[in-house]
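Observations on chain architecture
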Amino acid sequence: MWRYHFQTALKSLRRNPWLTSIVIATIGLGIGVCMTTLTVYYLSSRDPIPAKSDRIVAVRLHNWPVGESPTGGDDPPFELTYRDAQGLVEQGFAKHQAAGYNTDLVIHPEDEKQRPYLTEGRLTTPEFFPMFDVDFAYGAPWTKEQERDRRMVAVLSSEANDKIFGGENSVGRQVRADDSSFTVVGVLKPWKPLPRFYDVNAGAWEETEEVFIPLSLSPVLEARKGDGNTSCFAEADGDTWQAFLDSECVWVQFWAELTSPADLDQYQSMVEGYVASQRDLGRFPRTENVVLVQDVMTYLRDFGVVDDDARVLLGLAFLFLAVCLVNVVGLLLDKFLLNPGELAVRRALGARRKTLLAQRLVEVAILGLGGAALGLAFALAGLQLLRTMNVEEEVSHLDPKLMLVAVGLSVGSALLAGLYPAWRGSRIPPARYLRT
Amino acid sequence: MLEMQSVSKIYRTHLVETHAVRDLTLTVEDGEFVAVSGPSGSGKTTFLNIAGLLEAFEEGSYRLDGVDVSGIDDDTASRIRNEKIGFIFQSFNLIPDLDVFDNVDVPLRYRGLGARERRERITATLERVGLASRANHYPSQLSGGQQQRVAIARALAGDPRILLADEPTGNLDSLMARQVLDLIQDINEAGTTVIMVTHDPELARRAHRTIHVLDGRVTNLDAWVAREAMVAQAADS
Ligand SMILES: Nc1ncnc2c1ncn2[C@@H]1O[C@H](COP(=O)(O)OP(=O)(O)OP(=O)(O)O)[C@@H](O)[C@H]1O
Ligand SMILES: [Mg+2]
């Protein structure tokens, strides 16, 4: 029967090609607008590390005086001072913890013929890698001892290893960055969390850094922060790099991995203990709202990786789809009541009301599929347009899962819009519409 | 067998009430060929629609093949129409964008028959109405008489017990009308009950009997003529 419905539906759609096109265009437009905004929204708000995001936490400490805050509200800043980040790494309250920041580096490839190039590096502590489940192609992270002893070691990203060493196992070889030379201890497999949650300050949609080196080298190399903000409520005690590291400026990210999300309160009180010990040094003047421990998604939401505009836009897009659907209801009412004669004949020949309803719904589902195809085309064009308007590449490509959503949304919307017209059509009184 | 007892049908609009069928009582035996005549607006089509379960009625009772069909649900009524009743109309009512084969196929699809059985039945009935060679033509490519024969094939393909025909020759010239009527007579002789509305006394004569509908009622025509005459006389004097 469904095949017969399908054939009948196609005939009916071909009978009024204009009306059919207008219905498909209307659905397609609504779906296209929805999918464009939904894509940006979905890709911006997705979980970058789903296996662990509920037990990986960022620590935010409020070292500002009462009544002042760099965040606009009264919440602690999103980053820590260098000394607190290092202090919390040393305390080792959690299963894993890592501090770090982003810096600019000039790489001098081994091959003399290749030109030096500017890229991003990251100073961090070695538990960064196991905490974020980063896989190694070769070698391993540097050790805690190497971190403590300020060894000149590096872990390369897969891309950097391709560029510098042609993708070979480069463990043990030297890589020159800026004016220093580092021994390669590990090479990562390709890794690109999106959003780049561990350093949204330097950019949530940026590439993963190419070179990772020990954070303890910061005082030695005087490696300045690359991208991202630095906030200070007081000037540093002097112009030296060390003075900046000792200052109350916040600019370093700190993350910890708990054994289970249930440990969050316990962890929070340990951090509060650390803060209390710092008060003896005359730091942390405030008593309220000093320690905030947030899991990945909460932190990203607070940071505003997905801004409110995106949410409003998404709401508007669905409103627009609703307007499109109201129009489709009107068009389908016209279409389905356009020739009641045929419906009446089919009823006389033994079609049940349900049968006619089912046949109409098949017709509507086909319109929905057409709308989905057109909608996806519109969405592709829309996303292209957004890219020319400087929306990040990473959040503006059609995801296969979202394509399925588009098809479901389109067919679902079409069925919703078609239900009433189809029902009306199935209930025409046959005796009145049979030509005698 | 078709039995109607005091069946009434009233059409109500916000302006008027029309008694399209009024207190109609009628029995048609299996295998009968009944012609229905009467002036325009007398309720002939309404009667056929009630008989064919296309129209509900207010009062009275209607038994079809011994089954009380007043107030049955849509599924049951549709199944009875599909299996037991064939319709033929003055204006053919073929579906214009289906070819002859697919038009005849419609009731068989709703019966849920398999492809092979449908094909066999369609071919056989098209042969019976003499249109086997036109299976792939569209209605607009056929003459009126041919279209009506397609409609007859469509009504016959499902092997109905009753054929309901509403002025089946009304749109045809006399030669074509005769051919169509021959066909209907054949069908009746093969055992199908036929109820046929017609204005033409010539055609009505082919039926076993003729019933006259007047003002929604089956009327004994002779008694009516006599009464009209009396009324006229009374008016004269
Ligand atoms: N759907 C309807 N709504 C209101 N009145 C109707 C409807 N259908 C028929 N009627 C009225 O019912 C009466 C009987 O109509 P019906 O079509 O049965 O007559 P008929 O005998 O078939 O006439 P004709 O010979 O012209 O086909 C008429 O007065 C007609 O106007
Ligand atoms: Mg009539």
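Worth saying up front: this structure is predicted, and the values here are computed from it rather than measured.

Another aspect to go through is the packing of aromatic side chains. Residue and element names in this part refer to chain A. Applying the stated criterion to the full structure yields 28 aromatic pairs over all chains. Note on Phe78 and Tyr299: the rings are 5.7 Å apart at their centroids and 80 degrees apart in plane angle, and the pair reads as edge-to-face. Of this pair, Phe78 sits in the loop between strand 1 (56-61) and helix 3 (82-91) while Tyr299 sits in helix 10 (residues 296-303), and the two are 221 residues apart along the sequence. We classify Phe78 as buried; its relative accessible area is 19%. The interplanar angle of 70 degrees and the centroid separation of 5.8 Å between the aromatic rings of Trp241 and Trp251 together place this pair among those described as edge-to-face. Of this pair, Trp241 sits in helix 8 (residues 241-245) while Trp251 sits in the loop between helix 8 and strand 9 (253-257), and the two are ten residues apart along the sequence. Taking relative accessible area as the criterion, Trp251 reaches 0% and is therefore assigned buried.

Residues and elements named next belong to chain B. The strand order across the open sheet built from four strands is 2-1-4-5, with neighbouring strands paired in antiparallel fashion. Bordering the open sheet on either side are strand 2 (17-28) and strand 5 (67-68), each of which pairs with just one other strand. Two elements, strand 4 (residues 59-64) and strand 5, share two bridges in a ladder whose sense is antiparallel. Bridging from a neighbouring strand, Arg63 pairs with Asp68 of strand 5. Helix 1 (residues 44-51) contacts strand 1 (2-12), strand 2 and strand 4 of the sheet and is inclined by roughly 120 degrees relative to strand 1.

All names here are of chain A. In terms of residue burial, strand 7 (residues 180-188) counts as a mostly covered element, since seven of its nine residues are buried. Of the pairings in the sheet, the one linking strand 4 (residues 136-139) to strand 7 comprises three bridges and is antiparallel in character. The residue of strand 7 that forms the bridge with Phe136 is Leu188. Inspection of the sheet shows strand 5 (residues 153-156) paired to strand 7 by four bridges, in the parallel sense. Paired with Leu156 across the strands is Val187, a residue of strand 7. Looking at chain direction, strand 6 (residues 174-177) and strand 7 are connected through four bridges and run antiparallel. Note on strand 7: the bridge partner recorded for Val175 is Phe182. Counted between consecutive antiparallel strands, the loop separating strand 6 from strand 7 contains two residues, among which Asp178 sits at a positive phi close to 50 degrees.

Attention shifts here to the nonpolar core. Residues and elements named next belong to chain A. Residues Phe128, Phe129, Phe132, Val155, Phe197 and Trp255 are the most contacted members of the largest nonpolar core, which totals 66 residues. Examining the composition of this core, we find that ten residues originate from one element, helix 2 (residues 17-44), more than from any other. Residue-level mapping places this core at the junction of two domains, with at least three residues from each of domain 1 (2-47 + 307-434) and domain 2 (63-289). When sequence neighbours within four positions are dropped, the list of residues in contact with Phe197 reads Pro48, Ile49, Phe132, Trp255, Val296, Tyr299 and Leu300. Ranked by size, the runner-up nonpolar core spans 46 residues in total, among them Tyr117, Trp241, Ala256 and Val291.

Attention now goes to the site of ligand 1. Among the 14 residues in the neighbourhood of ligand 1, the closest are listed as Ser40, Gly41, Lys44, Thr45 and Thr46 of chain B. Neighbouring residues of ligand 1 are not confined to a single chain but are spread across chains A and B. At a separation of 2.8 Å, an oxygen atom of ligand 1 approaches a polar backbone atom of Gly41 of chain B. Residue Lys44 of chain B places a side-chain N or O atom 2.8 Å away from an oxygen atom belonging to ligand 1. Relative to its unbound accessible area of 630 Å², ligand 1 is 66% covered by the protein chains. For the shell around ligand 1, the secondary structure elements donating two or more residues are strand 2 and helix 1 of chain B.

A word on the domain arrangement of chain A. All names here are of chain A. The domains assigned to chain A are domain 1 (2-47 + 307-434) and domain 2 (63-289). Relative to domain 2, the C-alpha centre of domain 1 lies at a distance of 50 Å. Taken together, the contact between domain 1 and domain 2 spans six residues of the former and five residues of the latter. Approximately 520 Å² of surface area, both sides summed, lies buried where domain 1 meets domain 2, with 58% of it carried by carbon and sulfur atoms. Looking at the side of domain 1 facing domain 2, the largest losses of area belong to Arg46, Glu392 and Glu394, adding up to 74% of the total buried there. Remark: the boundary between domain 1 and domain 2 carries zero salt bridges. Counting the contacts that link domain 1 with domain 2 gives zero residue pairs in polar contact (both at pLDDT 80 or more). For the side of domain 1 that touches domain 2, the class distribution of residues is two nonpolar, one polar and three charged.

Residues and elements named next belong to chain A. Two elements in contact, helix 1 (residues 2-15) and helix 13 (residues 353-388), have axes whose closest approach is 8 Å; the angle formed by their N-to-C orientations is 60 degrees. In this view, helix 1 runs oblique relative to helix 13, as classed from their interaxial angle. Like other packed secondary-structure pairs, helix 1 and helix 13 cross with a definite hand, here right-handed. Along the contact surface, helix 1 presents Trp2, His5, Phe6, Thr8, Ala9, Leu10, Ser12 and Leu13, while helix 13 presents Thr355, Ala358, Gln359, Arg360, Val362, Glu363, Ile366 and Leu367. Broken down by class, the residue content of the contact of helix 1 with helix 13 amounts to nine nonpolar, five polar and two charged.

Reading guide: rules and limits
- Position numbers for residues count from 1 along each chain, tracking the sequence in the order it is written.
- Both sets of labels track the order of writing: A upward for chains, 1 upward for ligands.
- Local features in a predicted model are, by the rule used here, given only for residues with pLDDT of at least 70; side-chain atom pairs are given and counted only at 80 or more, and totals for whole chains, interfaces and linings are based on all residues.
- Computation of side-chain values: all heavy atoms of the structure, hydrogens and water removed.
- When the centres of two rings from Phe, Tyr and Trp lie within 6.5 Å, Trp using its six-membered ring, the rings pair. Their planes under 30 degrees apart give stacked, over 60 give edge-to-face, and anything left gives tilted.
- Secondary structure elements follow DSSP: runs of H or I of four or more residues count as helices, runs of E of two or more count as strands, with numbering from the N terminus.
- Categorising residues by exposure relies on relative accessible area from a 1.4 Å probe, with only protein chains included: less than 20% of the type maximum marks a residue as buried, more than 50% marks it as exposed, and the intermediate range marks it as partly exposed.
- Any two strands are treated as partners once DSSP identifies two or more bridges connecting them.
- Note on definitions: a residue-residue contact is assigned when non-hydrogen atoms from the two residues lie within 4.5 Å.
- Fitting a line to C-alpha atoms yields each axis, with helices limited to the stretch in contact; the angle taken between N-to-C directions then spans 0 to 180 degrees.
- Side-chain atoms within 4.5 Å are what join buried Ala, Val, Leu, Ile, Met, Phe, Trp, Tyr and Cys residues into a set we call a nonpolar core.
- All domain edges in this entry derive from an automatic or database-based domain assignment.
- The rule for a residue being near a molecule or strand is that one of its heavy atoms must lie within 4 Å of it.
- Any pair of nitrogen or oxygen atoms within 3.5 Å is treated as a polar contact; in protein, a donor-acceptor pairing is required on top of that, and neighbouring residues in sequence qualify only through side-chain atoms on both sides.
- In short, Shrake-Rupley with a 1.4 Å probe defines the accessible areas, and a residue's cover is counted only from the protein chains shown.
- Note: buried area is the sum, over both parts, of the accessible area (probe 1.4 Å) each one loses when the two are combined.
- Salt bridge, as applied in this entry: a Lys or Arg side-chain nitrogen positioned within 4 Å of an Asp or Glu carboxyl oxygen.
- Put simply, Ala, Val, Leu, Ile, Met, Phe, Trp, Tyr, Cys and Pro go in the nonpolar bin, Asp, Glu, Lys and Arg in the charged bin, and everything else, Gly too, in the polar bin.
- For classification purposes, angles smaller than 35 degrees are called roughly parallel, those larger than 145 roughly antiparallel, those between 65 and 115 roughly perpendicular, and all remaining angles oblique.
- By the definition used in this description, the sense in which the near helix is turned from the far one sets the handedness, with an anticlockwise turn below a right angle giving left-handed and a clockwise turn giving right-handed.

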